[in-house]
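Architecture at a glance
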Amino acid sequence: MLICLFREDKQILLQCMNRRIILLVVFLITAALIGLMVIQVYWVSNAYVVRQGIFERSVTEAGFDVINQLENIELARFYESRKEVYANQESYFESLDSINSILLNEMQQISTRKDLEDFYNKYFKARSVMEEMFMVPLKPTIEHRIEKRLLDSLLSAELLSRKIRTSFEFAVYNPAGNELVLQRSGEYTAEMMDPNLSFQFQLFPDEINPAPDFLLIYFPNERRFLISQMWLLLA
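Residues numbered from 1 in each chain as written. Predicted model: local features only at pLDDT ≥ 70, side-chain atom pairs only at ≥ 80, totals over all residues. Heavy atoms only, no water.

1. Observations concerning the overall build of the chain
From N to C terminus, the chain includes eight helices and four strands. Tracing the chain from N to C terminus, the helices and strands come up as α-α-α-α-α-α-β-β-α-β-β-α. Going through the 235 residues of the chain one by one, you find that 24% of them count as buried. Within the chain, contacts between residues at least 6 apart in sequence are counted, and of these 66% link residues at least 24 apart. (Helix = DSSP H or I, 4+ residues; strand = E, 2+ residues; numbered from the N terminus. Buried < 20%, exposed > 50% of the residue type's maximum accessible area, 1.4 Å probe, protein only. Contact = heavy atoms within 4.5 Å.)

2. Details of the packing of aromatic side chains
Here the distance between the centres and the angle between the planes together describe a pair of aromatic rings. Here the structure, examined in full by the defined rule, presents eight aromatic pairs. Ring centres 6.2 Å apart and planes at 65 degrees place the aromatic pair Phe55 and Phe199 in the edge-to-face group. Of this pair, Phe55 sits in helix 1 (residues 2-81) while Phe199 sits in strand 3 (residues 199-202), and the two are 144 residues apart along the sequence. Given a relative accessible area of 14%, Phe199 falls into the buried group. An aromatic cluster of three or more residues is present, and its members are Phe55, Phe168, Phe170, Phe199, Phe219 and Phe225. The ring of Phe204 is capped by Arg145, whose NZ or CZ atom sits 3.9 Å from the centre of that ring. (Phe/Tyr/Trp six-rings, centres within 6.5 Å; stacked < 30°, edge-to-face > 60°. Lys NZ or Arg CZ within 6 Å of the ring centre and 35° of its normal.)

3. Structural notes on the nonpolar core
Membership of the largest hydrophobic core comes to 30 residues, with the highest contact counts inside it found for Leu151, Leu203, Leu215 and Phe219. Mapped by element, the contributors of at least two residues to this core are helix 1, helix 6 (148-161), strand 1 (169-174), strand 3, strand 4 (214-218) and helix 8 (222-234). The biggest single contributor to this core is helix 1, with eight residues. Counting six residues, the second-largest nonpolar core is a separate cluster that includes Tyr173, Leu180, Met192 and Tyr218. (Core = buried A, V, L, I, M, F, W, Y, C linked by side-chain atoms within 4.5 Å.)

4. A word on the side chain of Ser58
Along the chain, Ser58 falls in helix 1. Beyond its immediate stretch of four places on either side in the chain, Ser58 contacts Arg162 and Ile164.

5. Some thoughts on the environment of Ile67
Within the secondary structure layout, Ile67 lies in helix 1. The exposure class assigned to Ile67 is buried, which follows from its relative accessible area of 3%. Ile67 sits 137 residues away from Phe204 along the chain, and the two C-alpha atoms are 6.9 Å apart. Among residues more than four places away in sequence, those in contact with Ile67 are Phe201, Gln202, Leu203, Phe204, Pro205 and Leu215.

6. Section: the pattern of salt bridges
Within this structure, the stated rule accounts for five salt bridges. The partner of Asp65 in a salt bridge is Arg162, with the nearest N and O atoms 2.6 Å apart. Of this pair, Asp65 sits in helix 1 while Arg162 is found in the loop between helix 6 and strand 1, placing the two residues 97 residues apart along the sequence. Given the relative accessible area of 28%, Asp65 is considered partly exposed. The class of Arg162 is partly exposed, set by a relative accessible area of 22%. Within this structure, Glu61, Asp65, Glu158 and Arg162 form a network of salt bridges that share partners. (Salt bridge = Lys/Arg side-chain N within 4 Å of Asp/Glu carboxyl O.)

Structure below.
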């Protein structure tokens, strides 16, 4: 009788121990899975921050390269437009000497008030002609300095060279008129005006301008693009 009771108690004890072991194993597995999930979330979060930093650096480099290219293009166009003037600089000074000699001769022959008036008329006409020959033109508006198609092409090329294959919008902000000009599509105006959402670059930074124009770039699918880049790393 006592042996039977002992055997029954032993079986009950083993069953309780097995149940506790199973519960302990289940708890440890659950804790391990939760730990792995926390680590994975932390890793994914850090990976996203890293990818975002690389993305921002690449866009910044692309923007500055485009700004430099625009400056070089405008400088080349300026020298091309003034090439004849600089090529004929020697003839310009020869013409200037010739005109000065003529005016000097005219001045020595002044004897009446009418002669004086004629001399002044000739003098101002001659000066006006010479100034036009060697005059530096005024800076045109930003719409005339930058072509939208050219800007679009330069930005697309620089972004693709850095493997940024996602849609983007751009516009030029004119602070004098407080308006966006040269917009790519005319959409996302509010987002491009927000410095926390768009990338902003000063145009022609080497110029002394109290109210410079700015190039604004906005990526409407930036988050989706970054996540796709992370999945490529996880795959």
